[in-house]
Amino acid sequence: ITRSVGTSISPPASGAIFSLPSNLWRESAPSPYGWLEGLSWSRDGKKLAFRVDFDGYPGEVFTAHLGGDAPGIRKLVRPDEVSVSGGLAWVPGTNDLSFLAEDHARIRVWRVSGITASGQGRAMELTPGDVAVEAFAFTRTGREMAVLMPGLDHPGDLFLVRSPGAAAKYDR
């Protein structure tokens, strides 16, 4: 039995309706019963990122690229085999996508650069260390971000991350 179930979307301000083929997260997935989560439109309205979660398998991120007659869909390569767990956001002024990912009882923000219909750039961990980030948001420029995270000595609190990446410092 072959499924031909798809998902329909309409990019902001376009009026067009596109049907997205579901084969990447149904037939070609480890389980055909994944559920869609965490939608995020790019600022130009030409890309839609979404997460698909599966019982017993790591969450995956997909991007739909709209701009031609038929949308293209790509599955992102997960950095270091982390399990994507939420919080998708396009970095302002770029083709970069960030998300929360779990790895060894830590939850960090990751950024995948240069996402296009034909590929992706490198991945970078934005919040290194012994952290469990619950939510994040970028400034308008995308150079800084706020994160919500608890610590061993405090409940969830807001931190400003002035230089996301390997040298990240968390200012309360």
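These numbers come from a predicted model, not from an experiment.

How each quantity is defined
- Residue positions are counted from 1 within each chain, in the order its sequence is given.
- Local features in a predicted model are, by the rule used here, given only for residues with pLDDT of at least 70; side-chain atom pairs are given and counted only at 80 or more, and totals for whole chains, interfaces and linings are based on all residues.
- To obtain the side-chain values, all non-hydrogen atoms of the structure were included, while hydrogens and water were left out.
- Any Lys or Arg side-chain nitrogen found within 4 Å of a carboxyl oxygen on Asp or Glu counts as a salt bridge.
- Each residue is assigned to one of three classes by its accessible area relative to the maximum for its type, calculated with a 1.4 Å probe on protein chains only: buried under 20%, partly exposed between the two thresholds, exposed over 50%.
- The aromatic pairing rule takes the rings of Phe, Tyr and Trp, using the six-membered ring of Trp, and pairs them if the centres are within 6.5 Å, calling planes under 30 degrees apart stacked, those over 60 edge-to-face and the rest tilted.
- The helix and strand labels rest on DSSP assignments: H or I over at least four residues marks a helix, E over at least two residues marks a strand, and numbering proceeds from the N terminus.
- For a lysine, the NZ atom is tested; for an arginine, the CZ atom; a charge sits over a ring if that atom is within 6 Å of the ring centre and within 35 degrees of the ring normal.
- What makes two strands pair is DSSP finding at least two bridges between them.
- Angles run from 0 to 180 degrees between N-to-C directions of axes, and those axes are lines fitted to C-alpha atoms, restricted for helices to the stretch in contact.
- Nitrogen and oxygen atoms within 3.5 Å of one another constitute a polar contact, given that in protein one can donate a hydrogen and the other can accept it, and given that sequence-neighbouring residues count only through two side-chain atoms.
- The contact definition used throughout considers only heavy atoms, calling two residues in contact when any of these lie within 4.5 Å.

Caption draft 1: Geometry of the pattern of salt bridges. Applying the stated criterion across every chain yields a total of eleven salt bridges. Here Glu81 makes a salt bridge to Arg78, at a shortest N to O gap of 3.2 Å. For Glu81, a relative accessible area of 58% corresponds to the exposed category. A salt bridge links Arg162 to Asp171; the nearest nitrogen and oxygen atoms lie 3.2 Å apart. For Arg162, a relative accessible area of 48% gives the class partly exposed. Each member of the salt-bridge network shares a partner with another, and the members are Glu60, Lys75, Arg78 and Glu81.

Caption draft 2: Region of the structure containing the packing of aromatic side chains. For the structure shown, the criterion picks out two aromatic pairs. Ring geometry for Phe50 versus Phe62: centroids 5.8 Å apart, planes at 20 degrees, classification stacked. With a gap of twelve residues between them, Phe50 in strand β4 (residues 47-54) and Phe62 in strand β5 (residues 57-65) connect regions that are remote in the sequence. Taking 5.8 Å as the distance between ring centres and 85 degrees as the angle between the ring planes, the aromatic pair formed by Phe136 and Phe138 counts as edge-to-face. For the pair shown, Phe136 and Phe138 are each scored as buried. Directly above the ring of Trp90 sits Lys47, whose terminal nitrogen or CZ lies 5.4 Å from the centroid.

Caption draft 3: Structural context of the sheet that holds strand β6 (residues 72-75). On the basis of which strands lie adjacent, the open sheet formed by four strands has the order β3-β4-β5-β6 and antiparallel pairing. Two strands close off the open sheet at either side, each with one partner strand: β3 (35-41) and β6. Averaged over all pairs of adjacent strands, the angle between strand axes in this sheet comes to 25 degrees, irrespective of strand direction. By the bridge criterion, five bridges tie β3 to β4 in an arrangement that is antiparallel.

Caption draft 4: A look at the side chain of Lys47. Positionally, Lys47 belongs in strand β4. When its relative accessible area of 7% is taken as the criterion, Lys47 is described as buried. Looking at Lys47, its side chain comes within polar contact range of the side chain of Asn95, at 2.9 Å. In contact with Lys47, other than residues within four places in its own chain, are Ser40, Trp41, Ser42, Ala64, His65, Trp90, Asn95 and Ile115.

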